[in-house]
There are 2 protein chains.
Amino acid sequence: MNKKFSLNEILEQDTFFRRNFINSITGFKSVALIGTAEVNGKENLAPFNSLVHIGATPPLLGFIMRPVSVPRHTYQNIKQSGQYTVNHIHESFYRQAHQAAARYEGSEFEATGLSPEYFEDFKAPFVKEAEIKIGLKLEEEIHIKSNDTILIIGAIQAIYINSSLVRQDGFVDLEQSGTIAIAGLDAYYKPKALERLSYPKRGKTLSAI
Amino acid sequence: MNKKFSLNEILEQDTFFRRNFINSITGFKSVALIGTAEVNGKENLAPFNSLVHIGATPPLLGFIMRPVSVPRHTYQNIKQSGQYTVNHIHESFYRQAHQAAARYEGSEFEATGLSPEYFEDFKAPFVKEAEIKIGLKLEEEIHIKSNDTILIIGAIQAIYINSSLVRQDGFVDLEQSGTIAIAGLDAYYKPKALERLSYPKRGKTLSAI
C-alpha cells in the first residue's frame, strides 16, 4: 500500500527506526574503510558510507563526519596528520569492516584482523586486503550548519589498483574487483552489472557500451 | 598487475579517462532523478549520482551541484522555488533516467516518457514510475572552494513509499523496490543482498539480522 510519511510522522518515530529509515531511503551507497594514524603511529580504521565524488580535475573525494562533540579518532588523526586512506571493501571481509565500527581502545586493524600496509612516505595506513586503495590529503573542511556535521574534502594523492580492473576509457570494473555496496547502516550487497550506457544526447538513441 | 597512479599520472590522462576513473574509484553509488519546476510550471528532471546522507534528525539529504558558471535548470529551479524531489530509479526505466541527462529545451519528462506526478500543494514534480519518492525543501547551500561545486542540502518534507518495503525497524528493502545503483557515470547495477549485520560492539560476534 502506498503510504506518505510526512515530516511529522518521521519525527514521531523512535530514533532507531528513523536512523534506519532515513539512512536507507537514499539508495545504495558505497562503503569504504578510512585509515588514519596518530602522530605517534597508532593506527585507526573505520567504515564510512557517505563517500561522495566532488570532482575529477583536480581529483577530489568527500565524506561526511558526524558532529565532533564527542572524540572521533578518524577526524582527530586527519586534522593532525593531514592524511588518510580510503579502501574498498569486498565480499571476503565486509564482516571485519563492519566490526571496525565498534569502539576499540587499540587499533581496529588488530581487533578485526585486517592488515595495515604502508606505501612510500605516506603516513596513513592502507588496508592490504583492499583491491582499490586511495591516498588523500585533507583539502577542505566544511561545517554544515543544519546539523553540525562536517564535509571533509580530500585531494587524491595516489590510487593503488590492479591495472586489469581499469578499462581503456578509465572506467573501473567494480564488479570484477568484488567491491560491495551498502544500504542503510548494516545491509551489504553485491551489485550485478546491467549495462553501461552511451553518453546521452538529444535525439540520439542510447546504446550499451 | 598492481599499479600506482600518482596524482601527476592521473592529471596527465585525458579528461575523458580521468572523469571515468575518478568517478568510478569511489565505489558503487546511488543514482536518483531530481525533479523541479520553474515558477511558471515548466518541469525539469535530471539524474544525480552524488546523493549523500547528511543526517536523520532532522532528516537531511545532500547532493553535489557542478559549478553554476553555465546555466543549470535544477539549480535555478531549486533556488527559485525552494523545493525539489528525489526519485529512485529502477531496472524498468534506468535507460530513460540516463537519457534525462541530455540537454533538452523542453521538459525531460516529455522527452523521456517518464510521468510527472504531483502531491498536495508541493510544487516540484515527482516521478510516477519511482517506487520511492522524497519531497525536499532547500535547507542550506554550501560553496566548495576547492572546485567551485556546491553542496545542496535539503530537508525531507515527505517520503512516498509502498509500506511493504519498510521493515519494522525502519530499514527499507531496496532490493525489493528494485532500486538500481551506478558506478562511474554510466554503468548501472542491480545489487543482490549478502546480509544485514548486527550492531558492531567490542567483544561481541556479529550475526546476520
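Everything that follows concerns the structure shown earlier in this document.
Values in this document were obtained by computation on a predicted structure and should not be read as measured data.

K.L.:
Describe the pairing of strand β13 (residues 187-196) of chain A, listing the residues and the values that go with them.
P.N.:
Of the strand pairs in this sheet, strand β12 (residues 181-183) of chain A and β13 of chain A are connected by three bridges, and their pairing is antiparallel. Residue A183 of chain A lies in a different strand from β13 of chain A, and its bridge partner there is A187 of chain A. Linking β12 of chain A to β13 of chain A, which pair antiparallel, is a turn of three residues; within it G184 of chain A sits at a positive phi near 60 degrees. Looking at chain direction, β13 of chain A and strand β13 (residues 187-196) of chain B are connected through nine bridges and run antiparallel. Residue pairing for β13 of chain B: Y189 of chain A is matched across the bridge by A193 of chain B.

K.L.:
Please give an account of the packing of aromatic side chains that cites residues and values.
P.N.:
Residues and elements named next belong to chain A. Scanning all chains against the criterion turns up 20 aromatic pairs over all chains. On the numbers, 4.8 Å between centres and 75 degrees between planes, the contact of F28 with Y189 is edge-to-face. Of this pair, F28 sits in the loop between α2 (15-24) and β2 (29-30) while Y189 sits in strand β13, and the two are 161 residues apart along the sequence. A residue is classified by how much of its surface remains accessible, and F28, at 0% relative accessible area, is buried. A relative accessible area of 3% places Y189 in the buried class. Each residue in the set F119, F122, F126 and Y160 is aromatic and connected to the rest through ring pairs, giving one cluster. One residue, K3, lies across the ring of F5, its end atom 4.6 Å from the ring centre. In this arrangement the basic side chain of R196 is found over the ring face of F171, its NZ or CZ atom lying 4.1 Å from the centre.

K.L.:
A description of unusual backbone geometry should follow, citing residues and the corresponding values.
P.N.:
Residues and elements named next belong to chain A. Look at the link from T57 to P58: it is a cis peptide, with omega at -5 degrees. Structurally, P58 can be placed in the loop between β5 (52-56) and β6 (59-65). Notably, D148 is not glycine yet its phi reads approximately 65 degrees, a positive angle. Among the secondary structure elements, D148 is positioned in the loop between β10 (132-144) and β11 (149-162).

What counts and what doesn't
Residues numbered from 1 in each chain as written. Chains lettered and ligands numbered in written order. Predicted model: local features only at pLDDT ≥ 70, side-chain atom pairs only at ≥ 80, totals over all residues. Heavy atoms only, no water. Pairing = 2+ DSSP bridges. Helix = DSSP H or I, 4+ residues; strand = E, 2+ residues; numbered from the N terminus. Phe/Tyr/Trp six-rings, centres within 6.5 Å; stacked < 30°, edge-to-face > 60°. Buried < 20%, exposed > 50% of the residue type's maximum accessible area, 1.4 Å probe, protein only. Lys NZ or Arg CZ within 6 Å of the ring centre and 35° of its normal.

Coordinates in, geometry out; function isn't part of it.
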